Amino acid sequence: MSDLAPLDTPDLHALTTVGIVHVTPEGNLLRCNTPFAQMLGYSRDEIRNLTFQQITHERDGTLCVESFQRLWKGSSDAVSMALPFIRKDGSFTWARLTVSLLRDREGWPSHLLAHVEETNDRKAANAHALADTLPVSEERYRGAFKMSPTSVIIARVGDGTIIDANPAFLESMGFDSDEVIGRTSLELGIWANENDRLKISKALQENAGCKDVEVRLRRKSGEVFWGQVSASFAEIEDVACIVSFTRDISAAKANEEKIKNLAFYDTLTGLPNRRLLWERLRQALIASIRSGSKHALLFVDLDGFKSLNDTFGHHIGDLMLQETAHRIASCVREVDTVARLGGDEFVIILEDLSKVPEIAAAQAKIVGGKILSTIDQPFTLNGRECHTTASIGISVFGGQSESTNEVLEQADIAMYQAKATGRNAMSFFAPTLQASVDARAAMEKDLRLAISENQFSLFYQPQLDRGLTVGAEALIRWKHPQRGLMPPGDFVPLAEETGLIVSLGTWVLETACTQIAAWANRKEEAHLSVAVNISAREFRQPKFVENVLTILNRTGANPNHLMLEISENMFADHIDEILAKMKKLKEHGVMFTLEDFGTGYSSMTCLKRMPLDQIKIERSIVSQILADPISGAVARAIISIGKAMGLSVIAEGVETEEQREFLANLGCHTFQGYLFSHPLPLAEFNWRQRVAPGCTRPPV
Ligand code: C2E
Ligand code: MG
């Protein structure tokens with residue numbers, strides 16, 4: 001220590017206001033310059049008798065001495081830390097201490113030279129003090145801290161000062177280390193939502209930590225993002241700290257948002273979907289009970305949309321739906337909801353109408369009128385001009401405890417009323433209609449019971465070719481315990497709607513096939529085939545083909561004697577899937593008749609692709625052939641199309657000899673109708689019978 005430089009030389013004094021002091025590795029102060037002595041309020045002589053432990057807090061003093069010794073031994077190069085120094089009068093001042101090792105000419109450690117610079121920024125000093133102490137004692141922690149892809153910050157418990165932040169945090173938030181250390185998160189403005197900060201601080205107070213709390217954070221650039229914060233207390237070098245880990249979950253949140261949108265909005269039109277509509281309707285119901293105001297639900301269905309879709313293709317159909325969504329939205333207020341239920345069905349909730357039902361209805365009618373006329377305007381879709389109309393059902397609700405289901409059902413019923421009155425019309429749900437709603441519900445219950453109790457029976461209506469019975473159409477009847485024998489028109493539509501048609505249809509097929517097999521065993525009746533009506537919903541069942549084949553197998557019926565009657569409207573959608581199923585069954589010998597031909601939407605191209613055996617001239621056409629020249633022309637066209645395509649043609653609903661004769665003259669010789677026989681229970685079915693009871697002239 002002999003070559004210690006004098007620290008009080010005038011030139012050094014003049015050069016610096018920084019305190020300089022020589023120290024031993026044990027912390028003894030050897031000599032200092034005046035600024036250092038002044039800073040602590042001692043004389044330079046007094047300083048010489050002091051130790052570092054006496055001019056700092058006990059813990060800091062110990063830390064300093066430990067680092068001096070490391071420096072002396074060469075296990076670190078320099079010490080730099082900020083800490084409070086205790087003045088002679090007991091007050092303290094914050095200062096940054098930088099210590100370096102000086103060596104003699106031989107390279108041996110000679111003494112430690114400390115620079116002490118007072119700092120006014122207490123917090124920065126405070127922070128640096130801890131930040132610098134951490135690496136010394138927690139090397140393993142430091143490695144993980146630095147390398148971690150998760151943002152980590154450490155803050156003092158007392159005042160929230162950040163004392164360290166890892167590179168992941170700095171990079172993600174866009175700050176430099178100097179900007180962060182010594183400041184609080186609040187000062188950095190990283191909380192986009194003050195409540196998030198409070199939430200975490202509360203969790204720390206109450207539960208000593210928090211895990212995966214989702215918060216909105218703000219980067220230095222101002223960009224706000226979603227983060228997930230976990231925080232807990234930790235004692236680092238005897239200082240109570242909060243260690244917070246933050247993950248950027250913006251990408252996950254964006255995905256979540258997308259999924260949410262998919263779940264609540266219709267992808268084609270961007271309108272709320274059924275789920276969101278349900279929720280809005282529920283809220284509207286609650287609000288109406290509270291306020292007493294009426295609301296209205298408008299059920300809008302486009303007229304003939306399926307036909308448009310079929311004629312021009314799905315792409316044009318989609319454009320039409322998008323444009324319709326747009327037009328409807330332009331007819332309502334911001335507060336109202338326009339939703340797409342699916343297909344061409346839209347639902348509108350008009351909120352906060354008058355408390356007087358009649359006035360509310362009038363208000364809804366105005367909006368309904370606007371919607372009708374906006375849809376009635378020509379659409380230009382992909383350069384093609386199209387036209388459509390809509391039918392609207394309106395239900396005025398509120399002020400009492402109705403259910404979402406009830407309101408929707410009422411509007412739906414009213415919409416069907418509107419359709420029935422000739423389309424491009426609107427209709428209000430009248431309470432009297434409620435009775436039919438209830439009746440339908442009761443019938444559905446009965447129908448389920450009927451299926452389990454097998455209350456059905458098949459009737460057979462003969463089909464004749466040139467006077468000979470060649471087969472029969474199987475027509476279902478319900479032997480209702482209270483209502484007696486019910487025709488299919490009274491329950492098949494409900495069975496179709498509810499899906500019960502699938503089990504019902506299986507029963508029909510099973511019974512018809514059993515009959516085919518039974519007739520096959522009797523010589524005289526072995527030629528008889530049975531036509532079975534198949535509903536669209538039944539046909540669409542993924543297992544339909546397997547089902548039919550299993551039944552054929554089980555009953556041993558000859559597939560050539562099973563004629564499946566399908567209707568044209570079945571081809572409105574999923575044509576390829578339906579054609580594939582038909583072909584599969586056809587390969588097994590099953591026959592097909594297309595009924596209702598000429599009433600639906602199928603084009604000739606589509607007809608040509610169908611593996612048919614027969615076309616049926618519909619009852620409504622037959623009933624008009626004599627009176628209406630157009631019906632006559634349609635019948636003629638069907639017969640020639642059938643001939644051209646090599647298909648047999650059968651006319652149903654033939655009631656009079658004149659109708660039969662007219663058809664025979666056009667070249668149609670296969671008939672079904674009351675002229676020959678009504679549908680009969682099996683016991684009464686007689687294949688030899690050529691004349692219906694009451695029919696005087698035998699058919700040719
Ligand atoms: P559809 O397939 O058009 O059946 C012919 C209907 O016309 C039968 O009515 C039959 O009784 C009636 N009919 C036959 N000849 C004449 C006639 O000369 N004049 C008049 N006015 N009507 C005649 P039904 O039995 O009431 O059946 C009605 C509809 O119910 C059937 O129409 C068919 O679409 C459906 N259906 C019947 N049975 C079944 C079934 O097992 N499954 C399915 N999915 N639908 C069925
Ligand atoms: Mg039929």
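These figures come from a predicted structure and were not determined experimentally.

Here's the deal with the overall build of the chain
Helix and strand content of the chain: 27 helices and 27 strands. Scored against the burial criterion, the 700 residues of the chain give a buried share of 48%. In the chain, once contacts between residues fewer than 6 apart in sequence are set aside, the share between residues at least 24 apart is 58%. Carbon and sulfur atoms provide 51% of the accessible area of the chain, an area that totals close to 34000 Å².

Focus on the site of ligand 1
The full set close to ligand 1 counts 21 residues, and Arg-477, Asn-533, Arg-619, Glu-655 and Tyr-674 are the nearest of them. With respect to ligand 1, the side chain of Glu-473 contributes an N or O atom lying 3.0 Å from an oxygen atom. Glu-595 places a polar side-chain atom, nitrogen or oxygen, 3.2 Å from an oxygen atom of ligand 1. In the complex, 82% of the free accessible area of ligand 1, which totals 790 Å², lies under the protein chains. Within the residue set of the shell around ligand 1, elements represented by two or more residues are β19 (468-480) and α20 (501-520). No other element matches the 4 residues that β19 contributes to the shell around ligand 1. Across the shell around ligand 1, the residue classes tally to 9 nonpolar, 5 polar and 7 charged.

Some words on the packing of aromatic side chains
The full count for this structure, using the stated rule, is 11 aromatic pairs. Seen in terms of ring centroids, Phe-456 and Trp-507 are 6.2 Å apart; in terms of plane orientation they differ by 50°. Their pairing is tilted. In this pair, Phe-456 sits in strand β18 (residues 456-465) while Trp-507 sits in helix α20, placing the two residues 51 residues apart along the sequence. For Phe-456, a relative accessible area of 5% puts it in the buried group. An aromatic cluster is defined as three or more aromatic residues linked by ring pairs; in this entry it consists of Phe-456, Trp-478, Phe-491 and Trp-507. Between Arg-219 and the ring centre of Phe-225, over which it is positioned, the NZ or CZ distance is 3.9 Å. Lying over the aromatic face of Phe-379, Arg-327 brings its terminal NZ or CZ to 3.7 Å of the ring centre.

Comments concerning the nonpolar core
The biggest cluster of nonpolar side chains holds 74 residues, and the ones touching the most others in it are Val-532, Leu-562, Leu-564, Phe-571, Met-582, Ile-617 and Leu-663. Per-element tally for this core: the top contributor is α20, with 8 residues. With near-sequence residues (within four places) excluded, Leu-663 lies in contact with Ile-617, Val-622, Ile-625, Ala-635, Ile-639, Ala-651, Val-654, Cys-668 and Phe-671. Judged by nonpolar contacts, the second largest core, of 31 residues, contains Ile-348, Leu-350, Ala-360 and Val-367.

Focus: the coordination of the magnesium ion (ligand 2)
Protein-derived ligands of the magnesium ion (ligand 2) are Glu-473 (OE), Asn-533 (OD1), Glu-565 (OE) and Glu-595 (OE), with the metal-ligand distances lying across 2.1 to 2.4 Å. Written as a sequence motif, the donor arrangement for the magnesium ion (ligand 2) is E-x59-N-x31-E-x29-E. Taken together, the positions of Glu-473 in strand β19 and Glu-565 in strand β22 (residues 562-567) put the pair 92 residues apart, joining distant regions of the chain. A single burial state applies to Glu-473 and to Glu-565, both of which are buried.

Looking at the sheet that holds strand β10 (residues 239-248)
One open sheet holds the 5 strands; their spatial order is β7-β6-β10-β9-β8, and the pairing between them is antiparallel. The open sheet terminates on both sides in strands that have one partner only, identified here as β7 (162-165) and β8 (209-218). Averaged over all pairs of adjacent strands, the angle between strand axes in this sheet comes to 30°, irrespective of strand direction. As paired elements, β8 and strand β9 (residues 224-236) share 8 bridges and run antiparallel to each other. Bridged to Arg-216 within β9 is Trp-226. Each of β8, β9 and β10 touches helix α11 (residues 194-207); the most contacted strand, β8, lies at about 165° to it.

Brief notes about the sheet that holds strand β11 (residues 295-302)
Taking strand neighbours across the sheet as the criterion, the 5 strands line up as β12-β13-β11-β16-β17 in an open arrangement whose pairing is mixed. Single-partner strands in this sheet number two, and they are β12 (337-342) and β17 (426-428). Averaged over all neighbouring strand pairs, the angle between strand axes comes to 20°, with direction disregarded. Inspection of the sheet shows β12 paired to strand β13 (residues 345-350) by 5 bridges, in the antiparallel sense. When the bridges of β13 are listed, Ala-339 appears paired with Val-347.

A short note on helix α13 (residues 274-291)
Because each turn of an α-helix spans 3.6 residues, side chains separated by three or four positions in sequence point in the same direction. Helix length check: α13 (18 residues) gives 25 Å between terminal C-alpha atoms against 26 Å at 1.5 Å per residue, within 8%. The set of residues buried in α13 consists of Leu-276, Leu-277, Leu-281, Ala-284, Leu-285 and Ser-288. Elements in contact with the buried residues of α13: α12 (250-264), β11, β12, β13, β16 (390-397) and α17 (404-420). Near the N-terminus of α13, the side chain that reaches the backbone nitrogen of Arg-275, with its oxygen 3.1 Å away, is that of Asn-273. Two residues or fewer past α13, Gly-292 is found with a positive phi of approximately 85°.

Thresholds, definitions, all that
Residues numbered from 1 in each chain as written. Chains lettered and ligands numbered in written order. Predicted model: local features only at pLDDT ≥ 70, side-chain atom pairs only at ≥ 80, totals over all residues. Heavy atoms only, no water. Helix = DSSP H or I, 4+ residues; strand = E, 2+ residues; numbered from the N terminus. Buried < 20%, exposed > 50% of the residue type's maximum accessible area, 1.4 Å probe, protein only. Contact = heavy atoms within 4.5 Å. Areas by Shrake-Rupley, 256 points an atom, 1.4 Å probe, with all protein chains shown as cover. Near = heavy atom within 4 Å. Polar contact = N/O pair within 3.5 Å; in protein donor to acceptor, adjacent residues only side chain to side chain. Nonpolar A, V, L, I, M, F, W, Y, C, P; charged D, E, K, R; others polar. Phe/Tyr/Trp six-rings, centres within 6.5 Å; stacked < 30°, edge-to-face > 60°. Lys NZ or Arg CZ within 6 Å of the ring centre and 35° of its normal. Core = buried A, V, L, I, M, F, W, Y, C linked by side-chain atoms within 4.5 Å. Donors = N, O, S within 2.8 Å, 3.2 Å for Na, K, Ca; no water. Pairing = 2+ DSSP bridges. Axes fitted to C-alpha atoms, helices over the stretch in contact; angles between N-to-C directions. Expected span 1.5 Å × (residues − 1).

Without other data, these values stay purely geometric and don't point to any function.
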